[in-house]
Amino acid sequence: MENTFRYLVVEDDELDRISLDAEAGKFPFLKQIGACDHPLHAMELISRHQPDLLFVDIEMPGMSGIDLLRLLKGQSFLTVF
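The paragraphs below set out a description of the structure included in this document. From a predicted model like this one, the values you see are computed outputs, not experimental measurements. (Residues numbered from 1 in each chain as written. Predicted model: local features only at pLDDT ≥ 70, side-chain atom pairs only at ≥ 80, totals over all residues. Heavy atoms only, no water.)

## Focus: the pairing of strand S2 (residues 30-36)
The side chains of a regular strand alternate between both faces of the sheet. Rules: Two strands pair under a simple rule: DSSP has to find at least two bridges between them. In this text, helices come from DSSP runs of H or I with a minimum length of four residues, and strands from runs of E with a minimum of two, each type numbered from the N-terminal end. Here the term right-handed applies to a crossover when the path leading from its first strand over the helix to its second strand runs clockwise, the strands being oriented away from the viewer.
As defined by bridge partners, strand S1 (residues 5-10) adjoins S2 across 6 bridges and the pair is classed as parallel. The partner of Val10 across the bridge, within S2, is Cys36. Note that the unit made of S1, helix H1 (residues 14-24) and S2 has a crossover that is right-handed.

## Comments concerning the nonpolar core
For the record, the criterion: Here the nonpolar core consists of buried residues drawn from Ala, Val, Leu, Ile, Met, Phe, Trp, Tyr and Cys, with membership extended through side-chain atoms lying within 4.5 Å. The buried label applies to any residue whose accessible area, calculated with a 1.4 Å probe on protein chains only, is under 20% of its type's maximum; exposed applies above 50%, and partly exposed to all values in between. Here, residues are in contact when the closest pair of their heavy atoms is within 4.5 Å.
Counting 13 residues, the largest nonpolar core has Leu8, Val10, Ala42, Ile46, Leu54, Val56 and Leu68 as the members making the most contacts within it. Not counting the four nearest positions on each side in its chain, Ile46 is found in contact with Leu8, Pro51, Leu54, Leu72, Gln75 and Phe77. With 6 residues, the next largest nonpolar core counts Tyr7, Val9, Leu30 and Leu53 among its residues.

Listed below in structure tokens is the structure:
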């Protein structure tokens, strides 16, 4: 599908990950490429799949969503907190 945005969910709470995916599923131009519960796992998925959009939780154990974005500085994607 043309004009599709591939997204990744980075959220430590399983119910929030499920809810976000359910809401995003209402928009046919959004396609989930993955979901993870830890920022370090997200870095691997981002490197492998090059998403267009990240849905990122700010407060997570071990590393915040803001810390994750600092490590990914210079990469091209949109971020929603």
